[in-house]
Amino acid sequence: MANAIRALAMDAVEQAKSGHPGMPMGTADIATVLFSRFLKFDPADPHWPDRDRFVLSAGHGSMLIYALLHLTGYKSVPLDQIRRFRQIGSTTPGHPENHVTKGVEMTTGPLGQGIATSVGMALAERHLAGVFGDIVDHRTYVLASDGDLMEGVSQEAIALAGHLKLNRLIVLFDDNGITIDGKLSLSDSVDQIKRFEAAGWRAERIDGHDPDAIAAALARAQDSDRPSLIACKTTIAFGAPTKAGSEKSHGSPLGSEEIAGARQKLGWTHAAFEIPDDIRALWTKAGQRGGADRAAWQKRLAGLEAAARTEFERRIKGELPEAALAAAVKSVKETLAATPKDIATRSSSEFVLETLTQTLPEMIGGSADLTGSNNTRTKATKPLSAADYAGRFIHYGIREHGMAAAMNGMALHRGIIPYSGTFLVFSDYCRPAIRLAALMGERVIHVLTHDSIGLGEDGPTHQPVEHLAALRAMPNLLVFRPCDAVETLECWELALRQKDRPSVLALTRQNLPQLRTRLDTENVCARGAYVIAGPDDGEADVSIFASGSEVPLAVDAAKLIAAKGVSARVVSVPCFELFREAPQAYRTSVLGRSRVRVGVEAAVRQGWDELIGADGLFVGMKSFGASAPFKELYRHFGITPEAVADLALKQLGKD
């Protein structure tokens, strides 16, 4: 059975003339034992909620998972797709992609992301079990490489998993001692067993080519009260006559001569892509093993009290309680219209979350040790801990990257809408995981506060300047920067409704006036940009486009311009991406026909030309920030109503 995996990996990589045969060949014994004897899954229902999750963290070895999916009977990977490995439009891309191939739990490839994301999957399993009982009862298995464990995010992940005692998480470490450059000893000498034990894991080392040893270790791991690491000593490209145990088998086809030698050494006499009937039958039986488990689970689900069953199914499907959410949003809007709040948008977010987290019990919050600054914890979200997995607020510690990856895992698991906070400047630490969320199309919400020089005295190390532009450059990510409490509410609602993409909420530390005091039943921010002050017919002499904390500044600038007898309008731009998706007629009306367009944001200009044109004016940042009270900083960098008005009037020849 293991040799069937090796043969398919060799043949597919050779036919593609591209790929990584060594890892699938080296881990075939591990995968065979796991899939045939331990993993709970059913190819007839790849999205069965109580299946075990298998994460191939070492995504470069993608032919391992494709071979397994094919052999166990997943319809997503027929033999013709194995033959089309790494080709356009195939279900067997170079690295596994969950939105392409049913049976693949997550997109992997960037090393470290798989093991870090799996922590979120294990967290989600424990949380939902704490809420719904034994209808949630499964494990998360990870196959990780040396590279996964060298990436820094792995330390954040294993420390969090150990602290939370996620005993349903089992990591199989492909301990082959080889990296692209050569022997692992060239760059690393960490004792991974001691490292994981220090983080609160159960850890052991075994022979990764001994099926009995693999099975015994998995059985011990299943009975552990802690997460488990099984370091499986393997030979990369096991069976290859001259390239086994060598970096030469890592990322290149073996070549026809080496493949012929491997077939002879392994006793595999079959032609390329040919699986003999007796071996295929064994794999088919392995794939059918989970049918009984799924049937038993469906019986348990049917026996659940009707309201609990309905709620569980709603959460797993990712559906929102529409009537309750609409009522909650309406209630908060009515409150803000009756008693406007001139507060920081991070505080507006907290105010909004108090209602939203009561309405949506699937919302699980958190913070990277900045709870009091990000304002992400509410009365409804008591801490989640090893003693109480039913809690709804995760103290991630100073682990921004691990936090972002874990949120991806919770979203992928289903049943949870994860959100969490850190400072916008530290989105750099989160970026690889945010990018994967965007690539996978997952609803993950990042609350990124202290969003400009407006944070003040902490200075340029903490003041984001280029970060908004960098995040806006990412495909399939919504970047919201609301200007007041009402926009913050609307942006939260929009983020929650994005079932197939992540969102960022960039929020201020400094207080802002509530500009929208009239009760709007429509979510105006859904348009991405709209006229918030001045004539909305597009004919004003000056159009000022601004986001977030600079919108009130722009409104004041428009008043100064109007005092000079020049008409001016202000366009609030809470979300570039949604405005880009708006109908062209609406976009044209908002952009208007003003002689002068000015963009205002306490950040770099990059991206603003889309709204103001290459010859438009821009008031913002051209350098890093500085340490001072925020009002002084705005004056120092020339981001003031007077500066905006003077620039516009000068362009009109009216200075």
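Residues numbered from 1 in each chain as written. Predicted model: local features only at pLDDT ≥ 70, side-chain atom pairs only at ≥ 80, totals over all residues. Heavy atoms only, no water.

Bringing the sheet that holds strand β3 (residues 169-175) into the picture now. Taken together, the 5 strands give an open sheet; going across it, the order is β1-β2-β3-β7-β6, and neighbouring strands pair in parallel fashion. Two strands close off the open sheet at either side, each with one partner strand: β1 (53-56) and β6 (202-207). Ignoring which end each strand starts from, the neighbouring axes of this sheet average 15° apart. With 6 bridges connecting them, β3 and strand β7 (residues 228-233) associate as parallel partners. Looking across to β7, one finds that F173 is bridged to A231. (Pairing = 2+ DSSP bridges. Helix = DSSP H or I, 4+ residues; strand = E, 2+ residues; numbered from the N terminus. Axes fitted to C-alpha atoms, helices over the stretch in contact; angles between N-to-C directions.)

We now examine the pairing of strand β13 (residues 503-506). Here β13 shows a buried face lined by S503 and L505 and a second buried face lined by V504 and A506. The pairing of strand β11 (residues 445-449) with β13 spans 4 bridges and is classified as parallel. Paired with L448 across the two strands is A506, which belongs to β13. Relative to β13, strand β12 (residues 478-480) is paired through 3 bridges, and the arrangement is parallel. Its bridge partner lying in β13, L478 is registered against S503. (Buried < 20%, exposed > 50% of the residue type's maximum accessible area, 1.4 Å probe, protein only.)

Tallied over the full model, the rule gives 13 aromatic pairs. Ring centres of F132 and F312 lie 5.3 Å apart, and the angle between their planes is 75°; this geometry places the pair in the edge-to-face category. You can see F132 sitting in helix α5 (residues 113-132) and its partner F312 sitting in helix α13 (residues 306-317), a full 180 residues away along the chain. For the pair formed by F132 and F312, the shared burial category is buried. Between F196 and W201, the ring centres sit 5.0 Å apart and the planes meet at 90°, which makes this aromatic pair edge-to-face. (Phe/Tyr/Trp six-rings, centres within 6.5 Å; stacked < 30°, edge-to-face > 60°.)

It is worth spelling out the packing of helix α2 (residues 22-38) against helix α3 (residues 62-72) at this point. Running from amino to carboxyl end, α2 crosses α3 at an angle of 40°, the nearest separation of the two axes being 10 Å. Taken together, the axes of α2 and α3 lie oblique to each other. The way α2 lies across α3 gives a crossing that is right-handed. Mapping the contact onto sequence places M23, P24, T27, A28, A31 and F35 in α2 and M63, L64, I65, L68 and T72 in α3. Residues belonging to the contact of α2 with α3 are distributed by class as follows: 9 nonpolar, 2 polar and no charged. (Parallel < 35°, antiparallel > 145°, perpendicular 65-115°, else oblique. Left-handed = near helix turned anticlockwise from the far one by under 90°. Contact = heavy atoms within 4.5 Å. Nonpolar A, V, L, I, M, F, W, Y, C, P; charged D, E, K, R; others polar.)

Moving on to the pattern of salt bridges. Per the stated rule, a full pass over the model turns up 38 salt bridges. The residue D11 makes a salt bridge to R263 at a minimum N-O spacing of 2.9 Å. Placement of D11 in helix α1 (residues 2-16) and of R263 in helix α10 (residues 256-266) is noted, with a sequence separation of 252 residues between them. Each member of the pair D11 and R263 is classed as buried. The salt bridge partner of R168 is E125, with a shortest N-O separation of 3.6 Å. Within this pair, whereas R168 is found in the loop between α7 (152-163) and β3, its partner E125 is found in helix α5, the two being separated by 43 residues in sequence. The class for R168 is buried, based on a relative accessible area of 16%. Within this structure, K333, E490, R516, R518 and D520 form a network of salt bridges that share partners. (Salt bridge = Lys/Arg side-chain N within 4 Å of Asp/Glu carboxyl O.)

A sheet is described by the order of its strands in space; here 5 strands give the open sequence β14-β16-β15-β17-β18, paired in mixed fashion. Two strands bound the open sheet, and with one partner strand each, they are β14 (530-533) and β18 (617-619). Averaged over neighbouring strand pairs, the angle between their axes works out to 30° when direction is ignored. Of the strand pairs in this sheet, strand β15 (residues 542-546) and strand β17 (residues 596-600) are connected by 5 bridges, and their pairing is parallel. The residue of β17 that forms the bridge with I544 is V598. Across the face of the sheet, helix α21 (residues 550-563) comes into contact with β14, β15, β16 (568-572) and β17 while running at roughly 165° to β15.

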